[in-house]
Amino acid sequence: MKNLRRKTLAAASAATLGVGLALTGGLAPAAAAGPDTSYLVLAPQGANTSQAAARVAAAKGTVVATYDQIGVLVVRSTNPDFATQVAGAGVESVASTAGLGTALDEGETVEVSAADVASATGDPTKEPLYGQQWDMNMIHLPQAHAVTTGSANVVVGVLDSGISSTHPDLATQIAKDKSTSCIGGVTNTTESAWNPTTSDHGTHVAGTIAAAVNGVGVTGIAPGVKVAAVKVVNDAGYIFPEAAVCGFMWAADHGMQLTNNSYFIDPWELNCRNDARQRPVWQAVQRAIRYSQSKGVLNVASAGNSNYDLAHKITDTDSPNNGTPEVRENLTNACLDLPAEAPGVVTVSAVGPTGTKSYYSSYGQGVIDVTAPGGDSRIRTLGASPTTADQILSTTFNTTTRTNGWGYKQGTSMSGPHATGVAALALSAHPGMTPGQLASFLERTSVAQSCPEGVYNPAPLHPTAGPHAYDATCSGGTRNGFYGAGIVDAYNAVK
Ligand SMILES: [Ca+2]
Ligand SMILES: [Ca+2]
């Protein structure tokens, strides 16, 4: 999984290389146009952006989105000196987001064949593929659905790669009037703009949250609620900070009570507030997250698939994602994964079908709030070979054939939506909770899991990674670094 996350984009460093072409001869150059670059421009907290906008215009920038609520402008400019020239009264900070896109950990989809879909037999829920949804039994979904399948008043923003609006298990589940693309930090509510293009990750996530109970395919956790597609993953598979800011602001201003965030924002993974280059980016995203919380949104985020101890950050050898690796001094716990570690966000690790930590799941005492099924294809064979059925079955969209279907994926991208779905059921059964109350309720109704003894090594027979690649040590008691408060439980959340 780690390698999937570390996809590189060769073009990302071109932005810096394009500046400063050698000048020859004695002619004074005209102002050189640089590459078209995105910036986040921050006004002082609490100030409006009009003064900053005037400075942007004077520095030959174009404002493409204005977030007066949080004092943030999204700007594009080809002026190579934009960042320097825009500085001044009314501008607290500015940062280019070039190179700060993070690759979505897409995960591989294993599709269920049309023949197998057709021959699947029914079950008590009447969903033909329910027999493969071990994850739903683990969180006691049938018992929960006897109480409620969710309220249509609850709308969940799926900040992801879009949702297929033609999918037979999703077409009735989407709040189309609240769906948008946020690519480039600019909203586009055209239906085609928020449908999937190059990735069906968001379609899989949406199905886990809210696939219909309709006698077709699978069931979602909260089929009575609505999902809104908020597309933040671009066609190259990257999430840029301006898209995430747009997504949080959109969810906040369109009456959503929950967002699901199965992605990360920073290519360095560990986003440091004390890194001057990144601080404005951290601040802009943080302002957007805080604003959404003030509007009644609980944000749920995946912990990541690097088997990384998020509580003990010492080195960051893999970074940056899309540039030359560099050594950064003084990495501390002030360096946050966004949005997973932003205050007030529910952070979710993953477990497989036996209820133990998935080999890939990141963890960390004080960081993980709850856990949920994300699949573990290696648990059954101690790592030797993958077992598809131990992954998570949900809705898919084949981006090559442009057809809808069902299939398996695994990752904390899949566990996060289980927590989001249970939170949506909880809010349906117990309306009126604030985001903080809902987060506490989700934790309180989870089923505690004990730490494994000693060093946990679920995949010692992995053929290529080596016998200790997935070693991890769990710390804490009833609430611990692997599982937080425990496995989310749909029945406990609605009864
Ligand atoms: Ca269904
Ligand atoms: Ca948290």
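What counts and how
Residues numbered from 1 in each chain as written. Chains lettered and ligands numbered in written order. Predicted model: local features only at pLDDT ≥ 70, side-chain atom pairs only at ≥ 80, totals over all residues. Heavy atoms only, no water. Donors = N, O, S within 2.8 Å, 3.2 Å for Na, K, Ca; no water. Helix = DSSP H or I, 4+ residues; strand = E, 2+ residues; numbered from the N terminus. Buried < 20%, exposed > 50% of the residue type's maximum accessible area, 1.4 Å probe, protein only. Axes fitted to C-alpha atoms, helices over the stretch in contact; angles between N-to-C directions. Parallel < 35°, antiparallel > 145°, perpendicular 65-115°, else oblique. Left-handed = near helix turned anticlockwise from the far one by under 90°. Contact = heavy atoms within 4.5 Å. Nonpolar A, V, L, I, M, F, W, Y, C, P; charged D, E, K, R; others polar. Phe/Tyr/Trp six-rings, centres within 6.5 Å; stacked < 30°, edge-to-face > 60°.

## Digging into the coordination of the calcium ion (ligand 2)
Part 1: At 2.3 to 2.5 Å from the calcium ion (ligand 2) lie its protein donor atoms, namely V345 (O) and D369 (OD). Pair noted here: V345 is in the loop between β14 (335–336) and β15 (346–351) and D369 is in the loop between β15 and β16 (370–373), with a separation of 24 residues, a long-range link. The residues V345 and D369 share a single accessibility class, namely buried.

## Focus on the coordination of the calcium ion (ligand 1)
Part 1: Every protein donor of the calcium ion (ligand 1) is accounted for by E127 (OE), D169 (OD), D169 (OD), A212 (O), N214 (OD1), V216 (O) and V218 (O), and the metal-donor separations fall at 2.1 to 3.1 Å.
Part 2: Judged by its relative accessible area of 30%, V216 is partly exposed.

## Some remarks on unusual backbone geometry
Part 1: Not every positive phi belongs to a glycine, and H140 is a case in point at roughly 60 degrees.
Part 2: Summarising the element assignment, H140 is placed in the loop between α6 (134–138) and α7 (141–145).
Part 3: Residue classification places H140 among the partly exposed residues on the basis of a relative accessible area of 32%.
Part 4: The phi torsion at L382 lies on the positive side, around 55 degrees, for a residue other than glycine.
Part 5: As for its placement among the helices and strands, L382 is situated in the loop between β16 and β17 (392–398).
Part 6: What makes L382 partly exposed here is its relative accessible area of 42%.

## Focus: the packing of helix α10 (residues 241–253) against helix α11 (residues 279–294)
Part 1: Two elements in contact, α10 and α11, have axes separated by 8 Å at closest approach and are oriented at 15 degrees. Judged on the interaxial angle alone, α11 and α10 are roughly parallel. At the point where α10 passes α11, the crossing takes the left-handed sense. Along its contact with α10, which presents P241, V245, F248, M249, A252 and D253, the element α11 presents V281, A284, V285, A288, I289, Y291 and S292.
Part 2: Residues belonging to the contact of α10 with α11 are distributed by class as follows: eleven nonpolar, one polar and one charged.

## Here we look at the packing of aromatic side chains
Geometry of an aromatic ring pair is reported as the spacing of the ring centres plus the angle between the planes.
Part 1: By the definition in use, this model includes seven aromatic pairs.
Part 2: Here Y359 and Y360 contribute two aromatic rings whose centre-to-centre distance is 5.2 Å and whose plane-to-plane angle is 80 degrees, an arrangement assigned as edge-to-face.
Part 3: Given a relative accessible area of 5%, Y359 falls into the buried group.
Part 4: A centroid spacing of 5.2 Å and a plane angle of 75 degrees characterise the contact between Y363 and F482, whose relative ring orientation is edge-to-face. With a gap of 119 residues between them, Y363 in the loop between β15 and β16 and F482 in the loop between β20 (472–473) and α14 (490–494) connect regions that are remote in the sequence.

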